[in-house]
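Read off the chains here:
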Amino acid sequence: MKRVMTVGGSDCSGGAGIQADIKTFSALGVYGTSVLTAITAQNSYGVQAKHEVPVELVEAQIESIMSEASDKGIAVDYAKTGMLYSSAMIEMVAKQLKKHKIPFVLDPVMKAGSGGLLLEDDALNTLIELLIPICEIVTPNVPEASFISGLEIRNKEDAKEAAVKIHKMGASAVIIKGGHLEQETAAGKATDLIYDGDFGEISNEYIKPKKGKIVHGAGCSFSAALTAELAKGKNLRDAALAAKKFVHDAISGGEELSNLIVVNQVHGLRKDADRYFVLENVKEAVRMLKRTKKIENIIPEVGTNIGMAIEGAESEHDVAAVDGRIVPTKEGIHTGCIDFGVSNHVARMILAMMKQDKEKRSAINIKYSPKIIDACKESEMRISPFERGKEPLGEKTMEWGVREAIRKLSLDGKALPKEKVEFLPDVIFDLGAVGKEPMVRIFGNTAVEVAGKVKRITESLE
Ligand code: PXL
């Protein structure tokens, strides 16, 4: 595994600083070590206190890490620096990075997202003199690039000028992050400018934070991801693109605090893990259905499908189901492969239900008969119908049907408070219409749970 080292401050709120770096390193599959330069007490409202670690103790941390070489003789493949705070700290860190010949990403951290100062005023010159000339790449945001270059940056042309100036100061490459450039973000883009003698751009969709909220931890996560990707051997532009995508995912899965959205560095990883979990769950559910006696008794003419969505699913591509449905044959039931984006019908009913309860991520369609409805009642499932004939023009059947069934349940029983998702139906059915077969849909949190419900229904039909 490649080895990386971050030298920076602790952010007790967990989104930025050393905490962000370590989470990013782990998510990207590199072995991360951390050298703590300062401790900050901060939250969504600001930085309440900070304390520098004695420079000798910071140096000792670097020496400890550097004396643990791998069997290839490498202790650290790549490093990054974040909050360094004082001139004395910068002098020592520059000396150590030079001594051990460690390639590094310089994240010229100056202020916390919430406003607190993370670099003393007189330390900026030391950073410019000692670190910029020896870094592989420096990653300022627009205000930082402005401070370093001494140029006002209002648009892309200004940013280009600043990048050239910072490159001339000795940085092999410069990335000016575009998240602060209004010209860009207004157009829905977050574009970073790269300059390493040639200009380049890395662009991605801009995620506009909710009103009054600032994104916290994106800068640290970007430089940490860049460090990890460079350690793994990517060239600068590919590494920067990968880091940008990583941060985009981390922001999209961020945690909302009072004034901040704290990025979630493992969001992308969790999403992939969830996709795998969902696929395996649907596979297991299909195995259960295949083992269920007399399963053919509940398969409708159009065939059955069972599906399950990932957490926070947005489209049918986030729902796994059986490609081509489950159909009875002479040799037993036949199923296609299980994959994402293969069932429009089951996906739509799941997505409609998830709008009411995001935990209810699975559903199956089975045959309608009064006996099947009785069997559902026997298993104490909550049942609600809708009438296809009443579907208003311009509605999508499943979206409307699920809404209607929920509304009916709330009218037939007591009023359904919106937050009381336990009143949602497990079973929604309709009696069909001209050319439309009547159908029962069973919902649950997982496909395995839904297959279990189907098993109970078939058992009580016997
Ligand atoms: O975003 C840069 C940063 C770096 N290091 C620490 C921080 C922050 C931002 O808040 O708190 C410790």
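Just so it is clear, the structure is predicted and the values come from calculations on it, not from any experiment.

About the criteria used
- Residues numbered from 1 in each chain as written.
- Predicted model: local features only at pLDDT ≥ 70, side-chain atom pairs only at ≥ 80, totals over all residues.
- Heavy atoms only, no water.
- Helix = DSSP H or I, 4+ residues; strand = E, 2+ residues; numbered from the N terminus.
- Buried < 20%, exposed > 50% of the residue type's maximum accessible area, 1.4 Å probe, protein only.
- Contact = heavy atoms within 4.5 Å.
- Lys, Arg positive; Asp, Glu negative; His and termini not counted.
- Charge placed at Lys NZ, Arg CZ, Asp CG, Glu CD.
- Domains from an automatic or database assignment.
- Polar contact = N/O pair within 3.5 Å; in protein donor to acceptor, adjacent residues only side chain to side chain.
- Near = heavy atom within 4 Å.
- Nonpolar A, V, L, I, M, F, W, Y, C, P; charged D, E, K, R; others polar.
- Pairing = 2+ DSSP bridges.
- Axes fitted to C-alpha atoms, helices over the stretch in contact; angles between N-to-C directions.
- Core = buried A, V, L, I, M, F, W, Y, C linked by side-chain atoms within 4.5 Å.
- 1 Å grid on protein atoms, 1.4 Å probe; cavity = no way out; pocket = protein on both sides within 12 Å on 5 of 7 lines; lining within 4 Å.
- Points joined across faces, edges and corners; volume = space filled by probe spheres on them.
- Parallel < 35°, antiparallel > 145°, perpendicular 65-115°, else oblique.
- Left-handed = near helix turned anticlockwise from the far one by under 90°.
- Arc of directions from axis to C-beta.

Quick look at the overall build of the chain now. The helix and strand inventory of the chain stands at 14 helices and 21 strands. Expressed along its principal axes, the backbone C-alpha trace of the chain runs to roughly 80 × 50 × 40 Å. Relative to its 462 residues, the chain shows a buried fraction of 51%. Excluding contacts between residues fewer than 6 apart, the proportion of contacts in the chain whose partners are at least 24 apart in sequence is 67%. For the chain, the centre of its 61 positive side-chain charges and the centre of its 65 negative side-chain charges are spaced 5 Å apart.

Next up on the list: the domain arrangement of the chain. The assigned domain composition of the chain is domain 1 (3–264) and domain 2 (271–461). Centre-to-centre, using C-alpha coordinates, domain 1 lies 47 Å away from domain 2.

Here the focus is the side chain of Thr 33. For Thr 33, the location among the structural elements is in strand β2 (residues 31–43). Setting aside residues up to four positions removed in sequence, Thr 33 forms contacts with Val 4, Met 5, Thr 6, Phe 25 and Ile 65.

Assignment of secondary structure puts Thr 397 in helix α13 (residues 397–412). A distance of 3.0 Å separates polar atoms of two side chains, one belonging to Thr 397 and the other to Glu 391. The residues contacting Thr 397, other than those within four sequence positions of it, are Phe 386, Arg 388 and Glu 391.

Glancing now at the site of the ligand. Around the ligand there are 13 residues in total, and Gln 42, Ala 112, Leu 118, His 216 and Cys 220 lie nearest to it. The element that contributes the greatest number of residues to the shell around the ligand is strand β1 (residues 3–11), accounting for three residues. Counted by class, the shell around the ligand contains six nonpolar, six polar and one charged residues.

The next subject is helix α4 (residues 123–131). When α4 is considered as a whole, its buried residues turn out to be Ala 123, Leu 124, Thr 126, Leu 127, Ile 128 and Leu 131. Contacts from the buried residues of α4 go to α3 (87–99), β5 (104–106) and α5 (142–149).

Across the six residues that make up strand β18 (residues 362–367), a large majority, five, are buried. Pairing analysis gives three bridges linking strand β13 (residues 306–309) to β18, with the strands arranged antiparallel. Pairing of Ile 306 across the sheet is with Ile 364, part of β18. Looking at chain direction, β18 and strand β21 (residues 439–444) are connected through six bridges and run antiparallel. Residue pairing for β21: Ala 363 is matched across the bridge by Phe 443.

The mixed open sheet is built from nine strands, whose spatial order is β3-β2-β1-β4-β5-β6-β7-β8-β9. Two strands lie at the open edges of the sheet, namely β3 (46–52) and β9 (199–205), each paired on one side alone. Relative to β5, strand β4 (residues 78–81) runs parallel, the two being bridged by three bridges. Bridge pairing in β5 links Lys 80 to Val 105. Across the sheet, helix α9 (residues 236–252) is in contact with β6 (137–138), β7 (173–176), β8 (189–195) and β9; its angle to β9 comes to roughly 20°.

Counting 57 residues, the largest nonpolar core has Val 282, Ile 306 and Ile 366 as its most contacted members. Sort the elements by how many residues they give to this core and helix α11 (residues 344–356) lands first, with eight residues. Counting 45 residues, the second largest nonpolar core, distinct from the first, contains Ala 79, Leu 119, Ala 163 and Val 174.

Tracing the backbone shows Val 448 in helix α14 (residues 447–461). A C-alpha to C-alpha distance of 17 Å links Val 448 and Met 353, two positions 95 residues apart in sequence.

Moving on: the layout of surface pockets. Roughly 620 Å³ of volume is contained in the second largest pocket. Looking at the lining of the second largest pocket, the element that brings in the most residues is helix α10 (residues 267–291), giving five residues.

With that settled, consider the sheet that holds strand β11 (residues 255–256). Taking strand neighbours across the sheet as the criterion, the three strands line up as β10-β12-β11 in an open arrangement whose pairing is mixed. On the outer flanks of this sheet lie β10 (214–216) and β11, each paired with one strand and no other. Two strands pair when backbone bridges link them, and β11 and strand β12 (residues 260–262) are joined in this way by two bridges, in the antiparallel orientation. Each residue of the ladder has a partner; that of Glu 256, found in β12, is Ile 261.

In the contact formed by α5 and helix α6 (residues 156–168), the axes pass within 9 Å of each other and the chain directions differ by 55°. Put simply, α5 runs oblique to α6. The element α5 and its partner α6 pack so that their crossing is left-handed. Judged by residue contacts, Ala 145, Ile 148 and Ser 149 of α5 engage Ala 162, Lys 165 and Ile 166 from α6. Residues that form the contact of α5 with α6 fall into these classes: four nonpolar, one polar and one charged.

Below, the discussion takes up empty space enclosed by the protein. As enumerated under the stated definition, the model contains two cavities of 30 Å³ or more in all. If you trace the second largest cavity, you find it lined by Leu 289, Ile 295, Ile 298, Ile 299, Thr 304, Ile 326, Ile 333 and Ile 364. Of the residues that constitute the lining of the second largest cavity, the class distribution is seven nonpolar, one polar and no charged.

What helix α12 (residues 370–378) keeps buried is the set Ile 372, Ile 373, Ala 375 and Cys 376. Angularly, the buried residues of α12 cover 155° about the axis, an arc narrow enough to put them on a single face. Of the exposed residues in α12, those oriented more than 90 degrees away from the buried face are Pro 370, Lys 371, Lys 377 and Glu 378. Contact partners of the buried residues in α12: β18, β19 (383–385), β20 (427–430), β21 and α14. Glu 380 sits one or two residues past α12 and shows a positive phi near 60°.

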